[in-house]
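# What the coordinates show
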Amino acid sequence: MTAEAKQLVPGLAGVPAAESAISYIDGNAGVLEYRGYPIEQLAERSTFEETAWLLMHGQLPTKSQLDAFGRDLSAVRELPDGMLALLGAFPKTAHPMLVLQSAIAALGAFEREVRFGDEEDFRRAWLRILAATPTIVAAFERLRRGEQPVAPRVDLSHAANFLYMLNGEEPDEIAARVLDVALVLHADHTMNASTFAARVVYGTNAGPYDSVSAAVGALHGPLHGGANERVLRSLETIGSVENVRAWADQQFSSKGKIMGFGHRVYKVKDPRSFALQSLGDKMFAKLGHTPIYDVALELEKVVVERLGDKGIHPNVDFFSGIIYQKLGLPTDQFTPIFAIARAAGWLAHLHEQMQDNKLFRPGQIYVGEASRDYVPIDNRV
Ligand code: ACO
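Attention here is on the structure that accompanies the text.

What counts as what
Residues numbered from 1 in each chain as written. Predicted model: local features only at pLDDT ≥ 70, side-chain atom pairs only at ≥ 80, totals over all residues. Heavy atoms only, no water. Core = buried A, V, L, I, M, F, W, Y, C linked by side-chain atoms within 4.5 Å. Buried < 20%, exposed > 50% of the residue type's maximum accessible area, 1.4 Å probe, protein only. Helix = DSSP H or I, 4+ residues; strand = E, 2+ residues; numbered from the N terminus. Domains from an automatic or database assignment. Contact = heavy atoms within 4.5 Å. Salt bridge = Lys/Arg side-chain N within 4 Å of Asp/Glu carboxyl O. Phe/Tyr/Trp six-rings, centres within 6.5 Å; stacked < 30°, edge-to-face > 60°. Near = heavy atom within 4 Å. Polar contact = N/O pair within 3.5 Å; in protein donor to acceptor, adjacent residues only side chain to side chain. Areas by Shrake-Rupley, 256 points an atom, 1.4 Å probe, with all protein chains shown as cover. Nonpolar A, V, L, I, M, F, W, Y, C, P; charged D, E, K, R; others polar. Axes fitted to C-alpha atoms, helices over the stretch in contact; angles between N-to-C directions. Parallel < 35°, antiparallel > 145°, perpendicular 65-115°, else oblique.

### Structural notes on the nonpolar core
If you look at the biggest cluster of nonpolar residues, it comprises 113 residues, and the most contacted ones within it are Leu 130, Phe 162 and Leu 299. The greatest single-element share of this core, amounting to 14 residues, is contributed by helix α6 (residues 119–144). For this core, the two domains that each supply at least three residues are domain 1 (34–172 + 189–221 + 331–355) and domain 2 (226–327). Residue contacts for Leu 299: discarding those within four places in its chain leaves Leu 235, Ile 238, Val 244, Trp 247, Ala 248, Ile 258, Phe 261 and Phe 318.

### Regarding the pattern of salt bridges
Inspection of the entire model under this criterion finds 21 salt bridges. When the shortest N-O distance is used, the salt bridge between Asp 180 and Arg 177 registers 2.9 Å. Taken together, the positions of Asp 180 and Arg 177, both in helix α8 (residues 173–185) and three residues apart, correspond to about one turn of that helix. According to the relative accessible area criterion, Asp 180 is buried, its value standing at 8%. Given the relative accessible area of 28%, Arg 177 is considered partly exposed. Close ionic contact of Glu 369 with Arg 372 constitutes a salt bridge, the shortest N to O distance being 4.0 Å. Each member of the pair, Glu 369 as well as Arg 372, is classed as exposed.

### Observations concerning the packing of aromatic side chains
Evaluated as defined, the whole model comprises twelve aromatic pairs. Where Phe 196 meets Phe 360, the ring centres are 5.4 Å apart and the plane angle is 85°; that geometry is what we call edge-to-face. Separated by 164 residues along the polypeptide, Phe 196 in helix α9 (residues 193–203) and Phe 360 in the segment after α16 (334–354) bring together distant segments of the chain. Since its relative accessible area comes to 22%, Phe 196 is described here as partly exposed.

### A closer look at the side chain of Thr 335
With respect to the secondary-structure elements, Thr 335 resides in helix α16. The residues contacting Thr 335, other than those within four sequence positions of it, are Met 97, Leu 219, His 220, Gly 225, Gly 226, Asn 228 and Glu 229.

### Examining the site of the ligand
Surrounding the ligand, one finds 21 residues, the nearest of these being His 224, Lys 257, Ile 258, Gly 260 and Phe 261. Within the side chain of His 224, a nitrogen or oxygen atom sits 2.8 Å from an oxygen atom of the ligand. Contact with the protein chains hides 71% of the accessible area of the ligand, taken as 910 Å² for the molecule alone. Among the residues making up the shell around the ligand, the classes are represented as ten nonpolar, six polar and five charged.

### Describing the packing of helix α14 (residues 291–307) against helix α15 (residues 316–326)
Interhelical geometry of α14 versus α15 gives an angle of 175° and a closest axis separation of 10 Å. By the angle class used here, α14 and α15 are roughly antiparallel. Listed contacts from α15 to Ile 292, Tyr 293, Ala 296, Leu 297, Leu 299 and Glu 300 of α14 are Phe 318, Phe 319, Ile 322 and Gln 325. Tallied by class, the residues present in the contact of α14 with α15 amount to eight nonpolar, one polar and one charged.

Right, dumping it as structure tokens:
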């Protein structure tokens with residue numbers, strides 16, 4: 001039987017596209033593990049750097065491995081002048097995800113060639129992409145505000161450096177830790193759309209820069225990472241707890257998708273939502289309450305009342321924006337921040353695929369016309 005004759009699975013839902021040892025989800029039990037470690041434990045005790053190492057290597061790093069990794073990242077955080085000039089050439093109104101997608105591909109053009117299958121070349125690209133992604137996001141943010149980019153510091157963590165490069169001042173410990181945990185929570189998530197996009201591109205033996213750039217494009221869409229930005233905009237439109245039910249009823253009656261709810265794999269509340277809420281609770285206790293959080297809680301109640309039976313519950317994008325807003329981050333930078341985190345997962349998947357690569361080339365079920373004779377233009381009606 002040819003591939004074309006097989007049964008169609010829309011959206012390849014549930015079709016395994018690879019064997020992977022990187023992360024694991026039980027969508028009915030609300031379980032997420034990275035390399036066998038529960039996400040709750042990593043959120044509580046790990047850092048983004050440690051998690052990125054874990055995802056790539058399969059083991060938690062020793063102290064000396066982690067220190068060396070931190071130094072290696074520091075050494076390649078800064079951008080060449082040509083990249084800064086490029087970022088400055090984009091319109092200030094451009095969506096930062098389009099800028100990031102272009103900039104990751106462009107970064108590859110500034111770097112040495114990455115030979116497919118070469119471990120040392122791959123390691124160099126891994127460090128460069130992980131380290132430079134926050135620098136790109138922060139530099140474009142400053143340039144579009146009319147400010148000079150701020151160079152990274154060697155003594156700050158990945159998360160703290162991002163906030164420092166964005167604001168030009170060292171973040172307080174709470175803000176840096178909150179962002180760090182959010183990055184841990186977003187670092188990998190099995191064969192999601194952007195990871196699959198990265199693997200498809202890499203499967204052609206293209207390089208990691210091309211592949212991560214493609215993944216950023218996939219993450220931008222509102223059905224995937226782009227939902228976080230839209231959740232906040234919805235909550236702002238709703239405005240107050242009293243308005244929630246009327247707004248939600250309107251969405252239900254128009255069959256509109258409510259951003260931040262539903263998931264292809266989870267049929268219960270996303271475990272990352274619980275972790276983000278507990279992070280938010282701690283942050284609000286220290287930095288002050290956010291009224292929009294009350295709107296979100298009411299919206300969760302109303303949506304789950306109505307759609308919970310269909311397995312529709314908050315996903316990771318529902319609470320992340322509220323936290324980022326409290327950190328003073330611009331709404332259209334929420335998805336780029338997701339990309340900063342997910343770069344760790346994308347790169348771990350590329351490395352895994354490099355060991356046993358096979359070109360992705362699915363079949364299709366042809367439903368078009370067959371074997372027609374060409375019609376000269378004067379004979380067409
Ligand atoms: N609001 C209202 N109804 C929904 C929602 C939602 N957020 N999500 C799914 N549904 C409904 C659909 O309308 C559909 O109803 P029907 O059976 O009456 O036609 C049913 O649930 C199945 O929905 P699908 O979109 O077919 O399910 P799928 O598994 O393809 O969708 C997805 C998963 C795309 C995430 C979907 O839930 C959605 O669009 N959610 C909103 C966007 C969002 O928050 N995306 C972020 C996901 S997390 C991430 O990628 C990081």
